[in-house]
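Residue-level structural notes
Spelled out, the chains give:
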Amino acid sequence: MTGIRENYNKTVADKKLCENTIKELRTLKNISPTQLAYLGGFQAIWANHVFNPIDKLRTFKEGKKNIESAISLEPNNIELRFIRLSIQKNIPSFLGYKSNIKEDTILIMEHRKMISSGILRKNIDTLLKN
């Protein structure tokens, strides 16, 4: 999980890393809600790397579905909320996926002290500063 967390922000600029991480997550047999949410996050990021508008929208929608599925399984998981927030804060408004920004920000801020992963805490702090 550590490598996935470390690479999450890097995949915005690194197409190959994003592609390889998606492939790796898709091979998992018993995928956890956290891994499913990261898969969705990487898929949404992947939409930035593809050229074809139809492929962009398809991969974004698949990523959104995976994020929402993971959150429905573990609605109070701060890491899942971070992933959704990171996508919602950084995508164009016309995609219509901005409705949870306030809710996720509040939940993350209220429970930030419970986060044991230094990498996750750093990623959250970076997101909230922007």
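Figured I'd write up the structure that's included with this text. Each chain carries its own residue numbering, running from 1 in the direction its sequence is written. Reporting in this predicted model follows two pLDDT cut-offs: at least 70 for local features of residues, and 80 or more for side-chain atom pairs to be given and counted; totals over whole chains, interfaces and linings ignore these cut-offs and use all residues. Remark: hydrogens and water are excluded; side-chain values derive from all non-hydrogen atoms of the structure.

A separate point is the pattern of salt bridges. Basic side-chain nitrogens of Lys or Arg form a salt bridge, by our definition, when they fall within 4 Å of a carboxyl oxygen of Asp or Glu. If you walk through the whole model with that rule in mind, you get twelve salt bridges. Between D104 and R81 there is a salt bridge, and its shortest N-O distance comes to 2.7 Å. Residue D104 is located in helix 6 (residues 101–111), and its partner R81 is located in helix 5 (residues 78–90); the two are separated by 23 residues in the primary sequence. By the burial criterion, D104 is buried, and R81 matches it. If you follow the salt bridges from partner to partner, you end up with E68, R81, R84, E103 and D104 in one network. Secondary structure is summarised from DSSP: a helix means a run of H or I of at least four residues, a strand means a run of E of at least two, and numbering begins at the N terminus for each. For every residue, the accessible area obtained with a 1.4 Å probe (protein chains only) is divided by the maximum for its type, and the residue is called buried under 20%, exposed over 50%, and partly exposed between those limits.

Okay, the packing of aromatic side chains next. What counts as a ring pair is set by centres within 6.5 Å for rings of Phe, Tyr and Trp (its six-membered ring), and what kind of pair is set by the plane angle: stacked under 30 degrees, edge-to-face over 60, tilted for all other angles. Per the stated rule, a full pass over the model turns up five aromatic pairs. Geometrically, the ring pair formed by Y8 and Y38 is edge-to-face, given 5.4 Å between the ring centres and 80° between the ring planes. Taken together, the positions of Y8 in helix 1 (residues 2–8) and Y38 in helix 3 (residues 33–46) put the pair 30 residues apart, joining distant regions of the chain. Like Y8, the residue Y38 is buried in the burial classification. Grouped by ring-pair contacts, the aromatic residues Y8, Y38, F42 and F82 constitute a single cluster.

What follows deals with the side chain of Q88. Position of Q88 among the secondary structure elements: in helix 5. Relative accessible area serves as the criterion here: at 0%, Q88 is assigned to the buried category. Here a residue-residue contact requires only that any non-hydrogen atoms of the pair lie within 4.5 Å. Beyond its immediate chain neighbours, meaning those up to four positions away, Q88 contacts Y97, K98, S99, N100 and I101.

Expected span, for any helix, means 1.5 Å times one less than how many residues it has. Here helix 4 (residues 53–73) contains 21 residues, and its C-alpha end-to-end distance of 31 Å stays within 8% of the 30 Å for a straight helix at 1.5 Å per residue. For helix 4, the set of buried residues is T59, F60, G63, N66, I67, A70 and I71. Buried residues along helix 4 cover an arc of 135° about the axis, so they all sit on one side. Facing away from the buried side of helix 4, by more than 90 degrees, are the exposed residues P53, I54, K61, K65, S72 and L73. Packed against the buried residues of helix 4 are helix 3 and helix 5. Comment: arc refers to directions from the helix axis out to C-beta atoms.

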